[in-house]
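Residue-level listing of the chains:
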Amino acid sequence: MRFQTRSRHVIDFIFPIALFFVFAASSLVVLILAADIYGSTTDQLQANDENRTALSYISEKIRQNDSDGALSLTTLEDIECLALSADYNGIPCTTYIYACDGMLKELFTRDDADVSLKNGKNIMEIDTLSMSQIDDHLYQFTTIDSQGHEGSLITSERSVQ
């Protein structure tokens, strides 16, 4: 009986190694693409979250202080403010919501006290907050976050008589 001896060629060694490197490179490309997509999606969600959070905060404050005539837009110290008026134990008070120094701020004060917007409480980072009164009881609020993304809210007083 004769045994056939098979001669080994260089291709028998190079082909499996080349195939391994093709799979490794493909896996690396897929991993890099997935990481890029994840990063951009996370950034976009974070930007949307900042605007929605600020607008939700304003909307909730309006609902908490919703009584006829309690909502108004005013300018103090050259800063546009949302003024929410209310009586607490017979003492007239106003809550001011405004954007200053890159922050959404809130200041709660008695109406007979001096108002200084620098004393406001920081709520969250926001680049710009603009407010406008569309109709007698209809208001529009627009926010721009630190990355330049814009969000908008149109709301009204519900307690209008």
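The preceding data block contains the structure.
Residues numbered from 1 in each chain as written. Predicted model: local features only at pLDDT ≥ 70, side-chain atom pairs only at ≥ 80, totals over all residues. Heavy atoms only, no water.

## Overview of the overall build of the chain
Tallying secondary structure elements over the chain gives 1 helix and 8 strands in all. Secondary structure of the chain in N-to-C order comes out as α-β-β-β-β-β-β-β-β. Against the globule reference of 15 Å for 161 residues, the chain gives a C-alpha radius of gyration of 30 Å, more extended than a compact globule. Overall size of the chain, expressed as C-alpha extent along the three principal axes, is 115 × 35 × 30 Å. Considering only contacts in the chain between residues 6 or more positions apart, those separated by 24 or more positions represent 36%. Accessible surface, the chain as shown: approximately 11,200 Å² in total, 54% of it carbon and sulfur. Here the chain contributes 11 positive and 24 negative side-chain charges, whose respective centroids are spaced 20 Å apart. (Helix = DSSP H or I, 4+ residues; strand = E, 2+ residues; numbered from the N terminus. Rg over C-alpha atoms; globule rule 2.2 N^0.38 Å. Contact = heavy atoms within 4.5 Å. Areas by Shrake-Rupley, 256 points an atom, 1.4 Å probe, with all protein chains shown as cover. Lys, Arg positive; Asp, Glu negative; His and termini not counted. Charge placed at Lys NZ, Arg CZ, Asp CG, Glu CD.)

## A few points about the environment of Gly148
Along the polypeptide, Gly148 turns up in the loop between β7 (138–144) and β8 (150–156). Looking at Gly148, the relative accessible area reads 52%, which means it is exposed. (Buried < 20%, exposed > 50% of the residue type's maximum accessible area, 1.4 Å probe, protein only.)

Scope: geometric values only; no functional claims are made or implied.
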